[in-house]
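Summary of the model geometry
Okay, here's what each chain looks like letter by letter:
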Amino acid sequence: SQQGEEDPQALSIQEGENATMNCSYKTSINNLQWYRQNSGRGLVHLILIRSNEREKHSGRLRVTLDTSKKSSSLLITASRAADTASYFCATGGSNDYKLSFGAGTTVTVRA
Amino acid sequence: DAGVIQSPRHEVTEMGQEVTLRCKPISGHDYLFWYRQTMMRGLELLIYFNNNVPIDDSGMPEDRFSAKMPNASFSTLKIQPSEPRDSAVYFCASSFGQGYNEQFFGPGTRLTVL
């Protein structure tokens, strides 16, 4: 079953704009990860944020985590055509090493 | 390193046939995961191994599915007999170390059961 739910389902932006997507989850987590999937390819890990962290940066990516609201956001700044992909959040619980993936946000960056 | 290798990349078979998907994890990784991705159900974890031992197979949909990891560099996912509803993209992923770490995904096998 899917733990994380991404919002919006789809996003279309102009190159150079920022893209923000959100992930909500239901149960307590150990960590939350974001992955990117280009069409027809496997998933690529972007960033991991632990439950005791509030914000993390990696290049043009910024991730926030609010455990009180059970939500996370992924911000991609200064988007590029190459950022066109589906983005998934994945939550890891406290008792095992399984990840539960959301349905994903499809991002289209227009040139 | 070549990354996680999966074969075949595409498989088309007829209902009732046996299907075997293969995975070679990244050398040195001690966790291996099998996922299935469909439009309807998204990405689902089927089973995962630690040091070649199956740890959790609660995601395996039914007895027609089985997975093995005979050694640290090879795993198989078998479906016997296959059904049209098994059509999906199957991913293998591996990771290293205790705890939650980055999972490295293979390119996937697109299975079509006619």
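Heads up: the structure comes first, above all this text.
Overview of the structure. From a predicted model like this one, the values you see are computed outputs, not experimental measurements.

A few words on the interface of chain B and chain A. Counting residues at the interface gives 22 residues for chain B and 22 residues for chain A. Both sides of the chain B and chain A interface together cover about 1700 Å² of buried area, and 54% of this is carbon and sulfur. The three residues of chain B that bury the most area against chain A are Leu43(B), Tyr100(B) and Phe105(B), which together make up 39% of that side's buried surface. For the pair chain B and chain A, the number of links is 1 salt bridge. The partner of Asp56(B) in a salt bridge is Lys98(A), with the nearest N and O atoms 2.9 Å apart. Summed over the shared surface of chain B and chain A, the number is 3 residue pairs in polar contact (both at pLDDT 80 or more). Looking at the side of chain B that touches chain A, the elements that each hand over two or more residues are β4 (31–38) and β5 (42–50) of chain B.

Once that is clear, we can look at the nonpolar core. Counting residues in each nonpolar core, the largest one holds 22 residues, and the members touching the most others are Met21(A), Leu32(A), Trp34(A), Leu46(A), Leu74(A), Ile76(A) and Tyr87(A). Where this core is concerned, the elements lending two or more residues are β2 (10–14), β3 (19–24), β4 (31–37), β5 (43–50), β7 (61–66), β8 (71–76), β9 (85–92) and β11 (105–110) of chain A. Formed by 21 residues, the second largest nonpolar core is a distinct cluster that contains Val19(B), Ile26(B), Phe49(B) and Cys92(B).

Once that is clear, we can look at the side chain of Thr91(A). Along the chain, Thr91(A) turns up in strand β9. Apart from residues lying up to four places away in sequence, Thr91(A) is in contact with Gln3(A), Tyr25(A), Ile29(A), Asn31(A), Leu32(A), Lys98(A), Leu99(A) and Ser100(A).

A few words on the packing of aromatic side chains. For the coordinates displayed, the defined rule picks out 10 aromatic pairs over all chains. Measuring from ring centre to ring centre gives 5.7 Å for Tyr35(A) and Phe105(B), while their planes differ by 75°; the resulting arrangement is edge-to-face. Here Phe105(B) lies in strand β10 (residues 104–105) and Tyr35(A) lies in strand β4, a pairing that spans two chains. Overall, Tyr35(A) belongs to the buried group, its relative accessible area being 0%. Residue Phe105(B) is classed as buried on the basis of its relative accessible area, which comes to 11%. Considering the side-chain rings of Phe101(A) and Phe105(B), the 6.1 Å spacing of their centres and the 85° angle between planes classify their relative orientation as edge-to-face. Placement of the pair is Phe101(A) in strand β10 (residues 99–101) and Phe105(B) in strand β10, with the two residues belonging to separate chains. Members of the aromatic cluster, joined through ring pairs, are Tyr35(A), Phe101(A), Tyr31(B), Phe33(B), Tyr35(B), Tyr48(B), Phe91(B) and Phe105(B).

Our next topic: the pattern of salt bridges. Scanning all chains against the criterion turns up 12 salt bridges over all chains. Its salt-bridge partner being Asp83(A), residue Arg60(A) comes within 2.9 Å of it at the nearest N-O pair. Note that Arg60(A) is positioned in the loop between β6 (55–58) and β7 and Asp83(A) in the loop between β8 and β9, a separation of 23 residues in sequence. Residue Asp86(B) is joined to Arg64(B) by a salt bridge in which the shortest nitrogen-to-oxygen separation is 2.7 Å. Of this pair, Asp86(B) sits in the loop between β8 (74–79) and β9 (88–95) while Arg64(B) sits in the loop between β6 (53–56) and β7 (65–71), and the two are 22 residues apart along the sequence. Neither Asp86(B) nor Arg64(B) differs from the other in exposure class; each is buried. Where salt bridges share partners, they join Glu62(B), Arg64(B), Glu83(B), Arg85(B) and Asp86(B) into one cluster.

Each value, and the rule that gives it
- All residue numbers refer to positions counted from 1 along the written sequence of the respective chain.
- Each chain is given a letter, starting from A, and each ligand a number, starting from 1, according to the order in which they appear as written.
- A pLDDT threshold of at least 70 governs which residues receive local features in this predicted model, and a stricter bar of 80 or more applies before side-chain atom pairs are shown or counted, although totals over entire chains, interfaces and linings include all residues.
- Values reported for side chains reflect all heavy atoms of the structure, with hydrogen atoms and water molecules removed beforehand.
- Here a residue-residue contact requires only that any non-hydrogen atoms of the pair lie within 4.5 Å.
- Buried area is calculated as the accessible area (1.4 Å probe) missing from two parts once they are joined, with the contributions of both summed.
- A carboxyl oxygen of Asp or Glu within 4 Å of a side-chain nitrogen of Lys or Arg is what we treat as a salt bridge.
- Polar contacts, as counted here, are pairs of nitrogen or oxygen atoms within 3.5 Å of one another; within protein the pair requires one atom able to donate a hydrogen and one able to accept it, and residues that are adjacent in sequence qualify only if both atoms are side-chain atoms.
- Where helices and strands are cited, they refer to DSSP runs of H or I of at least four residues and of E of at least two residues respectively, numbered from the N terminus.
- Take the buried residues of types Ala, Val, Leu, Ile, Met, Phe, Trp, Tyr and Cys, join any two whose side-chain atoms come within 4.5 Å, and each joined set is a nonpolar core.
- Each residue's exposure class comes from its accessible area (1.4 Å probe, protein chains only) as a fraction of the maximum for that residue type: buried when under 20%, exposed when over 50%, partly exposed otherwise.
- Paired rings are identified among Phe, Tyr and Trp, the last through its six-membered ring, by centres lying within 6.5 Å, and are further divided according to the angle between planes into stacked (under 30 degrees), edge-to-face (over 60) and tilted (the rest).

Function cannot be inferred from these measures alone, as they are strictly geometric.
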